[in-house]
Amino acid sequence: TAGLCASVGVILTTFRNDDLPRGGAGAGALSVRALLASDEFANMTTENLFTLDGDALEGATREQVRKQVGEGVARIDAALEQMHPEAHRRLGALELSIAEKEAGLR
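As the structure is a prediction and not an experimental result, all values here were calculated from the model. (Residues numbered from 1 in each chain as written. Predicted model: local features only at pLDDT ≥ 70, side-chain atom pairs only at ≥ 80, totals over all residues. Heavy atoms only, no water.)

A. Spotlight on the side chain of H88. Along the chain, H88 falls in helix α5 (residues 85–93). Among residues more than four places away in sequence, those in contact with H88 are R33, D77, L80 and E81. (Helix = DSSP H or I, 4+ residues; strand = E, 2+ residues; numbered from the N terminus. Contact = heavy atoms within 4.5 Å.)

B. Seen up close, the pattern of salt bridges. For the structure shown, the criterion picks out seven salt bridges. Residue R33 is joined to D77 by a salt bridge in which the shortest nitrogen-to-oxygen separation is 2.9 Å. Of this pair, R33 sits in helix α2 (residues 32–36) while D77 sits in helix α4 (residues 62–83); the two residues are 44 residues apart in sequence, bridging distant segments of the chain. With a shortest N-O distance of 3.6 Å, K67 and E71 are connected by a salt bridge. (Salt bridge = Lys/Arg side-chain N within 4 Å of Asp/Glu carboxyl O.)

C. Summary view of the packing of aromatic side chains. Enumeration over the complete set of coordinates arrives at zero aromatic pairs. Positioned above the aromatic ring of F50 is the side chain of R62, whose terminal nitrogen or guanidinium carbon lies 4.2 Å from the ring centre. (Phe/Tyr/Trp six-rings, centres within 6.5 Å; stacked < 30°, edge-to-face > 60°. Lys NZ or Arg CZ within 6 Å of the ring centre and 35° of its normal.)

D. Highlighting the confidence of the model for the chain. Per-residue confidence for the chain gives a mean pLDDT of 80, with 74% of residues at or over 70. Here helix α1 (residues 2–14) stands out as the least confident element of the chain, with mean pLDDT 54; α4 is the most confident, with 94. The low-confidence segment residues 15–25, where pLDDT is below 50, has 23 contacts with residues more than four positions distant or belonging to other chains. (pLDDT = per-residue confidence, 0-100.)

E. Seen up close, the nonpolar core. With 14 residues, the main nonpolar core has V32, L35, L36, F41, V69, V73 and L105 as its most contacted residues. Where this core is concerned, the elements lending two or more residues are α2, α3 (39–53) and α4. A per-element tally of this core places α3 first, with four residues. (Core = buried A, V, L, I, M, F, W, Y, C linked by side-chain atoms within 4.5 Å. Buried < 20%, exposed > 50% of the residue type's maximum accessible area, 1.4 Å probe, protein only.)

F. Structural context of the packing of α4 against α5. Where α4 meets α5, the axes come as close as 5 Å, and the angle between the chain directions of the two elements is 125 degrees. As far as their axial angle goes, α5 and α4 are oblique. Contacts between α4 and α5 pair D77, L80, E81, Q82 and M83 from the former with P85, A87, H88 and L91 from the latter. For the contact of α4 with α5, the residue count by class is five nonpolar, two polar and two charged. (Axes fitted to C-alpha atoms, helices over the stretch in contact; angles between N-to-C directions. Parallel < 35°, antiparallel > 145°, perpendicular 65-115°, else oblique. Nonpolar A, V, L, I, M, F, W, Y, C, P; charged D, E, K, R; others polar.)

G. The packing of α3 against α4, seen in detail. Following both chains from N to C, one finds α3 and α4 inclined at 120 degrees, their axes separated by 9 Å at the closest point. Compared by their axis directions, α3 and α4 come out oblique. For the pair α3 and α4, the sense of crossing is right-handed. Contacts between α3 and α4 involve D39, F41, A42, N43, T45, T46, E47, L49 and F50 from the former and R62, V65, R66, V69 and V73 from the latter. (Left-handed = near helix turned anticlockwise from the far one by under 90°.)

H. Representation of the side chain of S31 within the structure. Topologically, S31 is positioned in strand β1 (residues 30–31). Under the relative-accessibility criterion, S31 is labelled buried at 12%. Polar side-chain contacts of S31 include one of 2.9 Å to the backbone nitrogen of A34. Excluding anything up to four places from it in sequence, S31 contacts L91, G92, L94, E95 and L96. (Polar contact = N/O pair within 3.5 Å; in protein donor to acceptor, adjacent residues only side chain to side chain.)

Pasting the structure below:
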């Protein structure tokens, strides 16, 4: 799960930058939390885990790793909600533009 935490950290760091324009409620906007829970994020994280340390995955399939990624994101989201409810609320309210979403998935 270290790779998953690193991916979440990169996404959150990207969107803490006050210089980025805020997405607003336009077409295609979604929240940071929605991005972290998205299939696109799970797929990207899964591919990154295989690219960075595929040998350590001990023969796991992409489907198995992707399932673990989704479960890991859900655990992180639940822990954040419990330990830092205001931050959790803000991540749910902070809307990203399509460009911001794309930047977060690179």
